[in-house]
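Each chain, written out:
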Amino acid sequence: MQPALNHPGWIDSHCHLDEFVAHGGQAYADTVRARAQAAGVLHCVIPAVEQANWDACRALAHRWGDSYALGIHPLFTPQAQEGDLAALERALQAHRDDARLVAVGEIGLDYFVPGLDGERQEHFYREQLRLARQQNLPVIVHVRRSADRLLKHLREVPVCGGIAHAFNGSEQQAKAFIALGFKLGFGGAVTFERALQLRRLAAQLPLESLVLETDSPDIPPHWLYVTAAEREAGTAQARNTPAELPRIAQVVAELRGISVADLAQANFANTLQALPKLAGCVMGTVR
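Residues numbered from 1 in each chain as written. Predicted model: local features only at pLDDT ≥ 70, side-chain atom pairs only at ≥ 80, totals over all residues. Heavy atoms only, no water.

Draft legend 1. How the structure looks around the overall build of the chain. Helix and strand content of the chain: 12 helices and eight strands. A principal-axis box enclosing the C-alpha atoms of the chain has dimensions of 45 × 40 × 40 Å. In the chain, buried positions account for 54% of the 287 residues. Nonlocal contacts in the chain, meaning residues at least 24 apart in sequence, comprise 72% of its contacts between residues at least 6 apart. Only carbon and sulfur atoms are counted for the fraction: they give 50% of the accessible area of the chain, which is about 12400 Å². If the 27 positive side-chain charges of the chain are averaged to one point and the 31 negative ones to another, these points end up 4 Å apart. (Helix = DSSP H or I, 4+ residues; strand = E, 2+ residues; numbered from the N terminus. Buried < 20%, exposed > 50% of the residue type's maximum accessible area, 1.4 Å probe, protein only. Contact = heavy atoms within 4.5 Å. Areas by Shrake-Rupley, 256 points an atom, 1.4 Å probe, with all protein chains shown as cover. Lys, Arg positive; Asp, Glu negative; His and termini not counted. Charge placed at Lys NZ, Arg CZ, Asp CG, Glu CD.)

Below you can see the structure in the form of structure tokens.
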């Protein structure tokens, strides 16, 4: 039973729910989504990462009344082909009237994982920005040690805003994304007390620039995190789920010194502003 809420409900702006199907089957994934609903998570945005999971993400969004994005993640660029970009263009065109397709994503750049070809990443990123521009869709961007390069390409190939997912850059970079019409995604990482800069940004950036996310099943909050020593001793890493979003939100609200209800209202409005097609999904006008 969903708890009584004094706000419109939570939107998880970034969760890879198809991973739960891959991990435990459809019934397990349905249970994960139902638990999130019971915790007050009204809606989830499901970003794809490669051509192989585009159909799965779309099907899950329709199954649960959620929404999805289509794209090629930078970590999947080593195996991606030029034909995948053509396939993405066809898919975006084919589903352009699907109200649950709300963005191009997850796309971007990753300069943290060793061995990735930077030029190849940038090629796929720019081409996907062009497709987003062509379809007038916002983008959901992966930002890991890559904010300045991401911003450079966004200035050269401007799009209609979007979300800088799992933002962990500087205040200057944050303001640059905001100036380009982006919201900044905050999730489990902000719950760690040692994440001083990230927590300062979550506390001090304009409230209208923040959206909440879990990145399920990744980026667990501190209460789910299992250390390397614990894993070595046999403790399994807990899987993050969208049901953790209200507790993550509680941390952000405390950092900002505002009520959870006020944060929920802002998150709702900010996410709809970042992903305009989402409005029809969460307002119940889309079937």
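Draft legend 2. Layout of the layout of surface pockets. Computed from the structure, the largest pocket encloses a volume of approximately 1200 Å³. In terms of lining, the largest pocket is formed by 44 residues, of which the most central are R144, A166, A189, D215 and I219. Partitioned by chemical class, the residues of the lining of the largest pocket number 20 nonpolar, 14 polar and 10 charged. (1 Å grid on protein atoms, 1.4 Å probe; cavity = no way out; pocket = protein on both sides within 12 Å on 5 of 7 lines; lining within 4 Å. Points joined across faces, edges and corners; volume = space filled by probe spheres on them. Nonpolar A, V, L, I, M, F, W, Y, C, P; charged D, E, K, R; others polar.)

Draft legend 3. Highlighting the packing of aromatic side chains. This model, assessed by the stated rule, comprises four aromatic pairs. On the basis of an interplanar angle of 65 degrees and a centroid distance of 5.8 Å, the ring pair of F177 and F182 is categorised as edge-to-face. F182 shares its class with F177; the two are buried. For the pair F192 and Y225, a centre-to-centre distance of 5.6 Å together with 85 degrees between the ring planes defines the contact as edge-to-face. With F192 in the loop between β7 (182-186) and α8 (196-204) and Y225 in the loop between β8 (210-212) and α9 (228-232), this residue pair connects regions lying 33 residues apart in the sequence. Feature note: the residues F167, F177 and F182 constitute an aromatic cluster, connected by ring pairs. Between the NZ or CZ atom of R247 and the centre of the ring of W223, over which it lies, the distance is 4.0 Å. (Phe/Tyr/Trp six-rings, centres within 6.5 Å; stacked < 30°, edge-to-face > 60°. Lys NZ or Arg CZ within 6 Å of the ring centre and 35° of its normal.)

Draft legend 4. Representation of the environment of E156 in the model. Examined against the element boundaries, E156 turns out to sit in helix α6 (residues 147-156). Here the alpha-carbon distance between E156 and A61, two residues 95 residues apart in the chain, equals 32 Å. There is a polar contact of 2.5 Å between the side chain of E156 and the side chain of R126. (Polar contact = N/O pair within 3.5 Å; in protein donor to acceptor, adjacent residues only side chain to side chain.)

Draft legend 5. Summary view of unusual backbone geometry. The omega torsion across G105 and E106 is 5 degrees, close enough to zero to call that bond cis. Following the sequence through the fold, E106 ends up in strand β4 (residues 101-110). Omega for the bond connecting S216 with P217 falls within 30 degrees of zero, at 5 degrees, which places this linkage in the cis form. Mapped onto the elements, P217 comes out in the loop between β8 and α9. The phi angle at N136 is positive, at roughly 55 degrees, despite the residue not being glycine. Positionally, N136 belongs in the loop between α5 (118-135) and β5 (139-144). Judged by relative accessible area, which is 57%, N136 ranks as exposed. Positive phi, normally seen in glycine, also occurs at I219, with a value near 45 degrees. If you trace the backbone, I219 turns up in the loop between β8 and α9. Look at I219 and you get partly exposed, because its relative accessible area is 29%.

Draft legend 6. Structural view of the packing of α6 against helix α7 (residues 171-179). At a minimum axis distance of 11 Å, the contact between α6 and α7 shows a crossing angle of 20 degrees. The pairing of α6 with α7 is recorded here as roughly parallel in orientation. Classified by chirality, the crossing of α7 by α6 is left-handed. The residues of α7 that touch α6, namely those facing A147, D148, L150, L151, L154 and R155, are Q173, A176 and F177. (Axes fitted to C-alpha atoms, helices over the stretch in contact; angles between N-to-C directions. Parallel < 35°, antiparallel > 145°, perpendicular 65-115°, else oblique. Left-handed = near helix turned anticlockwise from the far one by under 90°.)

Draft legend 7. Structural context of the state of the cysteines. For the coordinates displayed, the defined rule picks out zero disulfides. Cysteine C15 remains unbridged, with the sulfur of C44 as its closest cysteine sulfur at 3.6 Å. What makes C15 buried here is its relative accessible area of 0%. (Disulfide = S-S within 2.5 Å.)

Draft legend 8. Seen up close, the sheet that holds strand β2 (residues 41-47). On the basis of which strands lie adjacent, the open sheet formed by eight strands has the order β1-β2-β3-β4-β5-β6-β7-β8 and parallel pairing. Every other strand in the sheet has two partners, leaving β1 (10-12) and β8 as the edge strands with one partner each. Pairs of neighbouring strands in the sheet enclose a mean axial angle of 30 degrees, with direction left out of account. Pairing analysis gives four bridges linking β5 to strand β6 (residues 162-165), with the strands arranged parallel. Note on β6: the bridge partner recorded for V139 is G162. (Pairing = 2+ DSSP bridges.)

Draft legend 9. Focus on the pattern of salt bridges. On inspection of all chains with the given rule, the structure shows 10 salt bridges. Between R58 and D98 there is a salt bridge, with the nearest N and O atoms lying 3.2 Å from each other. Placement of the pair is R58 in helix α3 (residues 54-64) and D98 in the loop between α4 (82-94) and β4, with a sequence separation of 40 residues. On the basis of relative accessibility, which here comes to 10%, the residue D98 falls in the buried class. (Salt bridge = Lys/Arg side-chain N within 4 Å of Asp/Glu carboxyl O.)

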